[in-house]
Amino acid sequence: MHTNSVSIVFDIQKKNFYSLTSLIATIDEDVNLRNLDQIITEDLSSNDIKSLLKKYARIIVAYSFRTSQLEKIYTKMKTFYSALSTDEIHRVTFIAGGSHPTGDPLTTLKFGFDFSFIGEAEYSLPFFLKNFLEKDDIYKTPGIAFLKNETSISSTSRPPPINLDDYLFLSKKRKLYPPLEITRGCAFGCTFCQVPMLFKHRIRHRSAEIIINMVKWMVTKQLNDIRFITPNSFGYLSKSTKSVNQEGIMYLLEGLRSIKGVRSIFYGTFPGEVRPETVSEELITKIKPLIANRRISIGLQSGSNKVLREIRRGHTVEEAVSAIDILLSSGFTPIVDIIIGLPGATEDDEEQTIHVIDNLIQKQAIIRAHVFMPLPGTALESSIYHPISPKIRKKLGRLNSTGKIEGNWNQQELYAKRAWEMMQDMRSVSPLTRGDSL
Ligand code: SF4
């Protein structure tokens, strides 16, 4: 039975599960938020909101989304605004966070969200909720944006970066168990990537002791397979961008391996790939007996050195291929990330990429092909989306038939095109407002 008059509803989906779990766990632990009921749903509907409004005086509906989900989220918000009565819609506060709202708060607010959270929200969301409950000034919350008028926003400065050790990465209470986030932030500045924009190059590692202790608890709940989230698995505990803290990685993996009940450790695999310059034969040989995976995900992105320079990858094609060769000779299958359609990539550059892909496939590597999408908040956000050229499409199709290309790049191309068109369209669209509700 619910005793509070305010609730927060998280609409959890596969694509936001990782980012929302830490927030949900943080709210559960916060003694200042005992007067707030937390409700976790999947695919929230207008009828769900109507039912909740029979129990609660006010509800906060929270979303976290990526650019590829724009169309789905906008459709949902339009449905909410049209299906809820004037009284109902005025009792709902819509908030959003995650990579798209951080990079493009204006579009987010035009979708009908009242507040767009910028960057990480473990600190700012509880701050907002406490003020909301106490009817204090929620506009003092750090790291939020809200509409000033139809075409411009106001925002508050971001909160300080959190110390990962102070926050949970899973929710014991709600049985939500994403992979373990061991590192947050990245010092590299790949121009297509939103990670630096989300976390402002502030790299933080979770200490091995905290991870080991949490895994000791996990095995008591039959959570015996251990996976990680990090921008670079081999960068764990490293002091500088390109260095590797072999001792730190081994301390973590050996510590986990020694826990009775741990069945399989997956390290260097999705969602925690590795950067090429961190791969060495010595490290691979040391970790191999401790981990269960025989695939390692590695980012190459382009087969053209000119493109790699332009996208500020910080490594060459040759360096990446040499890292891939080390993985292959050590008995691992490299899963190599490639992006097709990067801005500035000429047909000749794409041909070079196809050539590299061809060689890697012959060596038994697997390619994970992505289609470039201009993401808000990145250096390439104003790039124009270009469809893949027919010639390159044909060559990719031929390579696809080898079964060595993973990732549905046809589907991704559709998402990329649609999201880009929507971002263009939204520039001239007026925000959804409560005056629009029936
Ligand atoms: S692609 Fe990887 S290395 Fe590059 S900025 Fe993003 S997280 Fe960092």
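Quick note: structure is the one above.
First things first, this report covers the structure right here in the doc. Note that the structure is predicted; figures quoted are calculated from it, not measured.

Conventions we followed
Residues numbered from 1 in each chain as written. Predicted model: local features only at pLDDT ≥ 70, side-chain atom pairs only at ≥ 80, totals over all residues. Helix = DSSP H or I, 4+ residues; strand = E, 2+ residues; numbered from the N terminus. Rg over C-alpha atoms; globule rule 2.2 N^0.38 Å. Buried ≥ 20, exposed ≤ 12 C-beta atoms within 10 Å, placed from the backbone. Axes fitted to C-alpha atoms, helices over the stretch in contact; angles between N-to-C directions. Parallel < 35°, antiparallel > 145°, perpendicular 65-115°, else oblique. Left-handed = near helix turned anticlockwise from the far one by under 90°. Contact = placed C-beta atoms within 7 Å. Nonpolar A, V, L, I, M, F, W, Y, C, P; charged D, E, K, R; others polar. Near = placed C-beta within 6 Å. Core = buried A, V, L, I, M, F, W, Y, C linked by C-beta atoms within 7 Å. Expected span 1.5 Å × (residues − 1). Pairing = 2+ DSSP bridges. Right-handed = clockwise from strand over helix to strand, strands pointing away.

### Quick word on the overall build of the chain
Helix and strand counts for the chain come out as 16 helices and 17 strands. The C-alpha radius of gyration of the chain comes to 23 Å, within 12% of the 22 Å expected for a compact globule of 438 residues. Its C-alpha atoms put the chain at 65 × 55 × 35 Å along the principal axes. In the chain, buried positions account for 43% of the 438 residues.

### Side note on the packing of helix 9 (residues 208-220) against helix 10 (residues 246-257)
Packing of helix 9 against helix 10 leaves a shortest axis separation of 10 Å and a crossing angle of 20°. With respect to their mutual orientation, helix 9 and helix 10 come out roughly parallel. Judged by the sense of rotation from one axis to the other, the crossing of helix 9 with helix 10 is right-handed. Contacts between helix 9 and helix 10 involve Ala208, Ile211, Ile212 and Val215 from the first element and Tyr251, Leu252, Gly255 and Leu256 from the second. Here the contact of helix 9 with helix 10 is built from residues that sort into 7 nonpolar, 1 polar and no charged.

### A word on the site of the ligand
Contacts to the ligand come from Cys186, Phe188, Gly189, Cys190, Cys193, Val195, Pro196, Pro231 and Arg275. Looking at the shell around the ligand residue by residue, the class counts come to 7 nonpolar, 1 polar and 1 charged.

### A look at the nonpolar core
In this structure, Val61, Ile324, Leu327 and Val336 are the most contacted members of the largest nonpolar core, which totals 113 residues. Here this core gets 7 residues from one element, more than from any other, and that element is helix 13 (residues 317-329). When sequence neighbours within four positions are dropped, the list of residues in contact with Ile324 reads Ile298, Pro334, Val336, Leu360 and Ala365.

### A closer look at helix 1 (residues 17-29)
Here helix 1 spans 18 Å end to end across 13 residues, near enough to the 18 Å set by a 1.5 Å rise per residue. Burial in helix 1 covers these residues: Ser19, Leu20, Thr21, Ser22, Leu23, Ile24, Ala25, Thr26 and Ile27. Contacts made by the buried residues of helix 1 are with strand 1 (6-11), strand 2 (36-41), strand 3 (58-64) and helix 7 (124-133).

### A closer look at the sheet that holds strand 15 (residues 333-340)
If you walk across this open sheet you meet the 4 strands as 14-15-16-17, and the pairing is parallel. With partners counted over all chains shown, the strands left at the sheet margins are strand 14 (295-301) and strand 17 (405-406), one partner each. Of the strand pairs in this sheet, strand 14 and strand 15 are connected by 6 bridges, and their pairing is parallel. Directly across from Arg295, in strand 15, lies its bridge partner Thr333. Each of strand 15 and strand 16 (366-371) touches helix 16 (residues 409-426); the most contacted strand, strand 16, lies at about 20° to it.

### A closer look at the pairing of strand 2
Sheet analysis places strand 1 next to strand 2, joined by 6 bridges and oriented parallel. The residue of strand 2 that forms the bridge with Ser7 is Asp37. With respect to chirality, the unit in which strand 1 leads through helix 1 into the neighbouring parallel strand 2 is right-handed.

### A short note on the environment of Gly98
Position of Gly98 among the secondary structure elements: in the loop between strand 4 (92-97) and helix 5 (99-103). On the neighbour-count criterion, Gly98 (23 C-beta atoms within 10 Å) is buried. As for Gly98 and Gln222, which are separated by 124 residues in sequence, their C-alpha atoms are 30 Å apart. Contact partners of Gly98, with chain neighbours within four places excluded, come to Asn16, Ser19, Ser64, Phe65 and Arg66.

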